[in-house]
Amino acid sequence: EAGVTQSPTHLIKTRGQQATLRCSPISGHTSVYWYQQALGLGLQFLLWYDEGEERNRGNFPPRFSGRQFPNYSSELNVNALELEDSALYLCASSGWTGSENYGYTFGSGTRLTVV
Amino acid sequence: AQTVTQSQPEMSVQEAETVTLSCTYDTSESDYYLFWYKQPPSRQMILVIRQEAYKQQNATENRFSVNFQKAAKSFSLKISDSQLGDAAMYFCAYRRAVAAGNKLTFGGGTRVLVKP
């Protein structure tokens, strides 16, 4: 079974540009979560999508947005990039798959660097 | 709002020895889940162990075990017979039990160093 896949692995952008990060969940999982992990810090919750709808968002400005597609894959868009947006962005998925309905599976992340 | 606190930024352990990582949390919920995740240099978060709050028995997964003290809101992780591959960041996390798709709240992490 394929895990959660994220692309690209690394992304370098200039301040003011837009970045698009992609995530494909485990087959059968309908929920996708996005987290930001700045260098040396813990994971901060960004967004939660389920069944194509945004269910919850963390304390981030509106220039952080995303969407979930009918196949449950997801995009995270960051507009008007700022230097402090440089971080590892982790995607996770979960779903009602037997006893694993409360667990997350994470991808390996996208390292975004804003210069 | 729920908060998770890991008071030890870094812990060092000799290979084959035991190390215990601390985690405390704050919640008004009675039913919830607690997790320990490992993040090696490869960056991927790996689930180490989980605990359901309604279970009094502490969870165990091979060399990893937890000490869950619900009244004290404490959830420590014990790594026995430490191996070089255990070196990583360890994150404690909390999740409400209301629904399957609910966000995880993480602590700040503890870096574990394993000395050969």
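Cut-offs used in this document
Residues numbered from 1 in each chain as written. Chains lettered and ligands numbered in written order. Predicted model: local features only at pLDDT ≥ 70, side-chain atom pairs only at ≥ 80, totals over all residues. Heavy atoms only, no water. Helix = DSSP H or I, 4+ residues; strand = E, 2+ residues; numbered from the N terminus. Rg over C-alpha atoms; globule rule 2.2 N^0.38 Å. Contact = heavy atoms within 4.5 Å. Areas by Shrake-Rupley, 256 points an atom, 1.4 Å probe, with all protein chains shown as cover. Lys, Arg positive; Asp, Glu negative; His and termini not counted. Charge placed at Lys NZ, Arg CZ, Asp CG, Glu CD. Buried area = accessible area lost by both parts, 1.4 Å probe. Salt bridge = Lys/Arg side-chain N within 4 Å of Asp/Glu carboxyl O. Polar contact = N/O pair within 3.5 Å; in protein donor to acceptor, adjacent residues only side chain to side chain. Pairing = 2+ DSSP bridges. Axes fitted to C-alpha atoms, helices over the stretch in contact; angles between N-to-C directions. Disulfide = S-S within 2.5 Å. Buried < 20%, exposed > 50% of the residue type's maximum accessible area, 1.4 Å probe, protein only.

Re the overall build of chain B
In step 1: A count of helical and extended segments in chain B gives zero helices and twelve strands.
In step 2: Counting helices and strands in the order they occur from the N terminus, chain B gives β-β-β-β-β-β-β-β-β-β-β-β.
In step 3: Over its C-alpha atoms chain B spans a radius of gyration of 14 Å, differing by no more than 12% from the 13 Å that the globule rule assigns to 116 residues.
In step 4: Dimensions along the principal axes, computed over C-alpha positions, put chain B at roughly 45 × 30 × 25 Å.
In step 5: Residue pairs at least 24 apart in sequence account for 54% of intrachain contacts in chain B once pairs closer than 6 positions are excluded.
In step 6: Total accessible area on chain B stands at roughly 5500 Å², and carbon and sulfur atoms take up 45% of it.
In step 7: If the 13 positive side-chain charges of chain B are averaged to one point and the 10 negative ones to another, these points end up 6 Å apart.

Thoughts on the interface of chain A and chain B
Interfaces are frequently sized by the accessible area removed from exposure as the parts join.
In step 1: Opposite the 25 residues of chain A that make contact, chain B presents 20 residues.
In step 2: Together chain A and chain B conceal approximately 1900 Å² of surface at their shared face, both sides included; 52% is due to carbon and sulfur atoms.
In step 3: For the pair chain A and chain B, the number of links is zero salt bridges.
In step 4: At the surface where chain A touches chain B, the tally comes to seven residue pairs in polar contact (both at pLDDT 80 or more).
In step 5: If you list the elements that add at least two residues to the side of chain A that touches chain B, you get β4 (31–37), β5 (43–50), β9 (87–94) and β11 (110–114) of chain A.
In step 6: The element best represented in the side of chain A that touches chain B is β4 of chain A, accounting for four residues.

Quick notes on the sheet that holds strand β7 (residues 64–68) of chain A
Residue and element names in this part refer to chain A.
In step 1: Taken in spatial order, the four strands line up as β1-β3-β8-β7 in an open sheet, and their pairing is antiparallel. Whereas interior strands pair on both sides, the edge strands pair on one side only; in this sheet they are β1 (5–7) and β7. The mean inter-strand angle of the sheet, taken between neighbouring strand axes irrespective of direction, is 15°.
In step 2: Relative to strand β8 (residues 74–78), strand β3 (residues 19–24) runs antiparallel, the two sharing five bridges. When the sheet's bridge partners are listed, Leu21 is paired in β8 with Leu76.

Re the state of the cysteines
In step 1: In total, this model carries two disulfides over all chains according to the counting rule given.
In step 2: The side chain of Cys23 of chain A participates in a disulfide bridge whose partner is Cys91 of chain A; the two sulfur atoms lie 1.8 Å from each other. One disulfide, between Cys23 of chain A and Cys91 of chain A, carries an S-S torsion of -65° and so falls in the left-handed class. In this pair, Cys23 of chain A sits in strand β3 while Cys91 of chain A sits in strand β9, placing the two residues 68 residues apart along the sequence. Note on accessibility: Cys23 of chain A and Cys91 of chain A belong to one class, buried.
In step 3: With its sulfur 2.0 Å from that of its partner, Cys23 of chain B forms a disulfide with Cys92 of chain B.

A short note on the pairing of strand β5 (residues 32–39) of chain B
All names here are of chain B.
In step 1: The element β5 is extensively covered by neighbouring structure, given that eight of its eight residues are classed as buried.
In step 2: Both faces of β5 are covered, namely the face carrying Tyr32, Leu34, Trp36 and Lys38 and the face carrying Tyr33, Phe35, Tyr37 and Gln39.
In step 3: Across eight bridges, β5 lies against strand β10 (residues 88–96) in antiparallel orientation. Paired with Phe35 across the bridge in β10 is Ala93.
In step 4: Two elements, β5 and strand β6 (residues 46–52), share six bridges in a ladder whose sense is antiparallel. The residue of β6 that forms the bridge with Tyr33 is Glu52.
In step 5: Between the end of β5 and the start of β6, which pair antiparallel, lie six residues, with Arg43 showing a positive phi angle near 85°.

Regarding the pattern of salt bridges
Any two side chains of opposite charge can pair, on the condition that their charged atoms come close.
In step 1: Within the structure shown, the criterion is met by ten salt bridges over all chains.
In step 2: With its nearest N and O atoms 4.0 Å apart, the salt bridge here joins Glu54 of chain A to Arg57 of chain A.
In step 3: In this structure Glu54 of chain A comes out as partly exposed when scored by relative accessible area, which is 40%.
In step 4: Judged by its relative accessible area of 28%, Arg57 of chain A falls in the partly exposed class.
In step 5: Between Arg96 of chain B and Glu29 of chain B there is a salt bridge, with its nearest N and O atoms 3.3 Å apart. Residue Arg96 of chain B is found in strand β10, and its partner Glu29 of chain B is found in the loop between β4 (24–26) and β5; the two are separated by 67 residues along the sequence.
In step 6: Overall, the relative accessible area of 26% leaves Glu29 of chain B in the partly exposed class.
In step 7: In the salt-bridge network here, residues are joined through shared partners; they are Arg22, Arg67 and Glu75 of chain A.

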